[in-house]
Amino acid sequence: MTDIQNNLKKTVNFLSKEVGPRGYLQVEALNKTADYIKSEFGNYGYKVLEQPYEVEGHTYKNIFVEIKGEKPPEKVLVIGAHYDTVMGTPGADDNASGVAGLLELARLLSDRVFDKTIQLVAFTLEEPPFFRSGLMGSHVYAKNLKQKGIDVEGMICLEMIGYFTDEPGSQLYPMPFFRWMYPAKGNFIIIVSNIQSKNFLKRVKSAFKKGTDLPVESLSAFPLVPGIDFSDHRSFWKFKYDAVMVTDTAFYRNPQYHGMGDIPEILDYERMAKVVSGLESSVEELANCN
């Protein structure tokens, strides 16, 4: 677990301190981030692939690797996180934490054999002004999967997985009645989905709990609940794929969300490592069962 914590901290520090803000106009910073992700994937023995596309005269790219499944017909499990930030913000939690988790999963899974194919993807352009548009990296990626007729088992989105607090009343919710159903302290991770993906969420959560003692909650709801579709999983919903978001609940907990205070020092790397352990368990079970 110490190795996981150290690796997570290394990535978060590099992205949010050495690279810094990674907004859509900061193309050099985005390219430096992409190079780091490619290097880390390569260090774990993967063949690294790129999906470049043009937006407003600039080239942006998704970075991904694949663990080929052993059993036909091929089914694909996608795990993804976005590597851009809101303009001008260091983005330690949003979303260096998600990228760190993605890279650490890649390391932990690199020498294993699975029935189903696993794709680990670092997405570009999740943040405004392209959020909810066809120019999101995840939209470009999901659209390509659909056009190729790929059978997707489901998608797991890592969106802010590093901020935790035991302060009473620290956890807020989009609707008042949620307070009667969920904890008052922001010391848990939550997995959310739309109604279509409810069964997939149940499978992800059940396997997650086998790999960690970190408290985990879940919510399947319609997108009208504010925040439930606020990341790359939404792009997969658009193409009728099952998808979930694993999150520390962002602005419902983290007061530094989309701000200059979103720095590495505010993250809890011990609990973040437990999120990775739970995700490792989820991926292992989902990629090896029918």
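Above this text sits the structure in question.
Summarised in this report is the structure supplied together with it. Since the model is a prediction, treat every value here as computed from it, not as a measurement.

Rules of the game
Residues numbered from 1 in each chain as written. Predicted model: local features only at pLDDT ≥ 70, side-chain atom pairs only at ≥ 80, totals over all residues. Heavy atoms only, no water. Core = buried A, V, L, I, M, F, W, Y, C linked by side-chain atoms within 4.5 Å. Buried < 20%, exposed > 50% of the residue type's maximum accessible area, 1.4 Å probe, protein only. Helix = DSSP H or I, 4+ residues; strand = E, 2+ residues; numbered from the N terminus. Contact = heavy atoms within 4.5 Å. Pairing = 2+ DSSP bridges. Axes fitted to C-alpha atoms, helices over the stretch in contact; angles between N-to-C directions.

Some remarks on the nonpolar core
Working step 1: Formed by 68 residues in total, the largest nonpolar core has its most connected members in Ile79, Leu120 and Ile156.
Working step 2: With 10 residues, helix α3 (residues 92-109) is the largest single contributor of residues to this core.
Working step 3: Ignoring sequence-local partners within four residues, the contact set of Ile79 consists of Leu102, Leu105, Ile118, Gln119, Leu120, Val121, Ile156, Leu158 and Val283.
Working step 4: By size, the runner-up hydrophobic cluster in this structure holds 27 residues, among which are Val121, Ala142, Ile190 and Val225.

Section: the sheet that holds strand β8 (residues 243-247)
Working step 1: Here eight strands make up an open sheet; going across it, the order is β1-β2-β4-β3-β5-β8-β6-β7 and the pairing mixed. A strand with exactly one partner marks an edge of an open sheet, and here the two such strands are β1 (49-55) and β7 (216-220). Looking at each pair of strands side by side, their axes are set apart by 20 degrees on average, direction ignored.
Working step 2: One ladder, built from seven bridges, connects β1 with strand β2 (residues 58-67); its direction is antiparallel. By the bridge assignment, Gln51 is partnered in β2 with Asn62.
Working step 3: Contacts from α3 reach β2, β3 (76-82), β4 (117-123) and β5 (152-159), with the element oriented near 145 degrees to β3.
Working step 4: Strands in contact with helix α5 (residues 198-210) are β3, β5, β6 (189-193), β7 and β8; relative to β7, the strand with the most contacts, it is inclined by about 175 degrees.

Some thoughts on the pairing of β8
Working step 1: Counting buried residues along β8, five of its five residues qualify, which places the element largely inside the surrounding structure.
Working step 2: Along β8, one buried face is formed by Ala243, Met245 and Thr247 and the opposite face, lined by Val244 and Val246, is buried too.
Working step 3: Sheet analysis places β5 next to β8, joined by five bridges and oriented parallel. Looking at the pairing, Met155 lines up with Ala243 of β8.
Working step 4: The pairing of β6 with β8 spans four bridges and is antiparallel. Of the residues in β8, the one forming a bridge with Ser193 is Val244.

Concerning the environment of Met160
Working step 1: One can find Met160 in the loop between β5 and β6.
Working step 2: Taking the relative accessible area as the measure of exposure, Met160 reaches 1% and is therefore buried.
Working step 3: Sequence separation between Met160 and Asp93 is 67 residues; the distance between their C-alpha atoms is 5.1 Å.
Working step 4: Filtering out sequence-adjacent residues up to four positions away, Met160 remains in contact with Asp93, Asp94, Asn95, Ser97, Val246, Thr247, Asp248, Ala250, Asn254 and Tyr257.

Structural measurements only, silent on function.
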